[in-house]
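Structural characterization, general
Okay, here's what each chain looks like letter by letter:
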Amino acid sequence: MTSYAITQTCCNDATCVAVCPVNCIHPTPQERAFGSTEMLHIDPATCIGCGACADACPVEAIFPVDSLPVAQREYATINAAYYAGRAPEPAPEGPNFHAWDEPSFPRVLPSDFAPLKVAVVGTGPAGMYAVQDLLLHTSAEVTLIDRLPVAGGLVRFGVAPDHPATKKVGDTFTRFHTHPRVRMHLGLDVGADVTAQELAAHHDAVIYAVGASADRMLAVPGEDLPGSISARAFVAWYNGHPDAAPDSIDLSAERVVVVGNGNVALDVARILLADPDSLARTDIADHALAALRAGKVREVVLLGRRGPEDAAYTKSELLALQHVPGLDLVVDDHDPRTASVIDEAGPATDPKGRAALLRGVTRRRVDWSQAPAPGRRIVLRFHSTPVEMTGDEAVRGVRVAEASGERTIRTGMVLRAIGYRGVPVAGLPFDEATGTVPHEGGRVTGQPGTYVVGWIKRGPSGGIGANRTCAAETVTTLLADAVAGTLPAPRSAAKTFHRLARRRGGKGSAALSR
């Protein structure tokens with residue numbers, strides 16, 4: 001009997017925790033560490049090899065240890081290392097393997113409660129986790145709305161095309177699109193085609209799951225030059241987002257500089273340098289594949305303000321990068337602090353041992369005034385703060401501040417990957433400082449019957465799975481308000497709204513609705 005291990009694509013939504021009969025997957029949603037670890041971990045000493053977790057995993061991230069692909073064998077050690085030094089849990093009394101908590105049903109309405117009419121704005125993971133909660137725990141009738149003509153949100157347009165397993169979580173959500181208690185309207189823009197007030201007037205409650213659709217800015221000179229692009233726009237382009245023009249990206253530069261070193265930065269770097277033939281087997285947009293085939297990019301430089309111990313990428317994404325065929329990974333050795341931190345870092349299996357993963361990576365000083373060396377490579381450059389994008393009519397370089405002064409890195413394209421930002425939602429209050437809608441447990445401040453979930457609620461942090469607990473909190477608040485009688489009564493029937501939506505949807509054309 002072999003134990004199982006959780007690997008790179010873990011989405012942290014904890015579906016696997018719920019089905020494990022021996023409580024060997026941690027941290028659980030009830031534990032303080034949940035949400036603070038990059039992934040969940042299976043205890044090899046406790047796992048009985050039943051495979052229930054693998055069957056339940058929505059992103060195919062769980063495998064038997066003896067069946068792990070070569071590129072993922074280190075995850076057996078990573079899973080086991082999480083439990084090193086932890087005291088074993090006491091065996092439960094009685095015949096059950098798992099010491100279950102007391103039953104709790106916080107998201108269930110009384111049996112004699114009339115079905116709620118709830119509108120959910122946004123078909124990404126946050127909105128769909130809320131829909132799933134409502135449909136599975138109540139008799140609510142849901143109106144599902146999206147501004148775009150295609151459902152999916154972040155799963156459809158934000159996940160890199162070479163991560164198909166991660167996109168599989170979308171299959172979990174798609175089954176609810178045709179649920180008998182769901183009416184879906186695509187191509188309907190709340191705030192333009194219909195107002196927030198009209199939406200509220202036809203439903204008992206409205207949940208906004210609109211994400212964070214803008215970018216954080218560097219606020220440096222030259223940031224608005226042609227060739228300076230947000231990573232969000234680049235991701236939208238290669239994923240075929242309807243708002244992204246096919247000809248909006250120029251890949252004629254040999255060197256691209258990415259400001260930031262989070263997972264999005266690694267995604268765009270990997271796509272820029274990927275073998276187009278391997279990308280052809282994914283769902284990448286046709287125009288993006290053609291541009292990558294014809295493009296000249298051979299080197300991508302990732303700039304980080306701080307050292308490798310504070311890099312924003314997850315360990316799993318960096319490990320995956322080291323297994324890409326034909327791609328060299330290099331650490332720019334311009335600052336002695338970088339080498340010192342890498343050499344003195346704890347074991348790579350330590351949850352905080354991010355710098356140790358770079359111990360075997362080539363270190364080299366790079367002459368940034370010259371064209372890139374032959375081959376394809378990603379250069380991690382730490383302790384570098386961009387202070388200006390240089391060029392007259394387009395970007396020709398990035399001036400960075402470092403310990404020894406300032407230096408210009410020659411480039412024809414800069415991608416800003418420093419984070420997303422929420423934008424104001426028509427009819428809702430907005431906190432400019434945080435880019436979120438003010439709320440209390442998901443309830444919009446001062447607006448009974450209106451709720452938020454996802455990045456517009458908590459800010460642009462946390463991956464796909466984080467939305468599950470976020471949605472559970474919001475739905476729990478909504479149902480508590482329903483039981484307390486504080487939801488405003490709708491002034492019109494939901495079916496009246498569906499007729500209104502069909503008339504106004506799609507910016508003048510018929511909405512795609514069911």
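Residues numbered from 1 in each chain as written. Predicted model: local features only at pLDDT ≥ 70, side-chain atom pairs only at ≥ 80, totals over all residues. Heavy atoms only, no water.

**Section: the overall build of the protein**
Check the secondary structure of the protein and you find 17 helices and 24 strands. In summary, the protein has a C-alpha radius of gyration of 24 Å against a globular reference of 24 Å for 514 residues, a match within 12%. The principal-axis extent of the C-alpha atoms belonging to the protein is close to 70 × 65 × 40 Å. Among the 514 residues that make up the protein, the fraction classed as buried is 51%. When the accessible surface of the protein is summed, it comes to about 22,600 Å², and 52% of that surface belongs to carbon and sulfur atoms. (Helix = DSSP H or I, 4+ residues; strand = E, 2+ residues; numbered from the N terminus. Rg over C-alpha atoms; globule rule 2.2 N^0.38 Å. Buried < 20%, exposed > 50% of the residue type's maximum accessible area, 1.4 Å probe, protein only. Areas by Shrake-Rupley, 256 points an atom, 1.4 Å probe, with all protein chains shown as cover.)

**Description of the pattern of salt bridges**
All chains considered together, the criterion is met by 26 salt bridges. One salt bridge in this structure joins Glu388 and Arg399, with 2.7 Å as the shortest N-O distance. Linking Glu388 in strand S16 (residues 385-390) with Arg399 in strand S17 (residues 397-402), this pair joins segments that are 11 residues apart in sequence. Residue classification places Glu388 among the partly exposed residues on the basis of a relative accessible area of 24%. One salt-bridge network, in which partners are shared between bridges, spans Asp162, Asp267, Arg270 and Glu317. (Salt bridge = Lys/Arg side-chain N within 4 Å of Asp/Glu carboxyl O.)

**A short note on the sheet that holds strand S11 (residues 255-259)**
The strands making up a sheet associate through backbone hydrogen bonding, with each pair oriented either parallel or antiparallel. If you walk across this open sheet you meet the 7 strands as S10-S19-S11-S12-S15-S13-S14, and the pairing is parallel. Each of the sheet's edge strands pairs with one partner strand only, and the pair in question is strand S10 (228-230) and strand S14 (362-364). Ignoring which end each strand starts from, the neighbouring axes of this sheet average 25° apart. Here 4 bridges tie S11 to strand S19 (residues 413-416), and the two strands are oriented parallel to one another. Note that in S19 the partner of Val256 across the bridge is Met413. Together, S10 and S19 form the strand contacts of helix H9 (residues 231-238), whose direction differs from that of S10 by roughly 75°. (Pairing = 2+ DSSP bridges. Axes fitted to C-alpha atoms, helices over the stretch in contact; angles between N-to-C directions. Contact = heavy atoms within 4.5 Å.)

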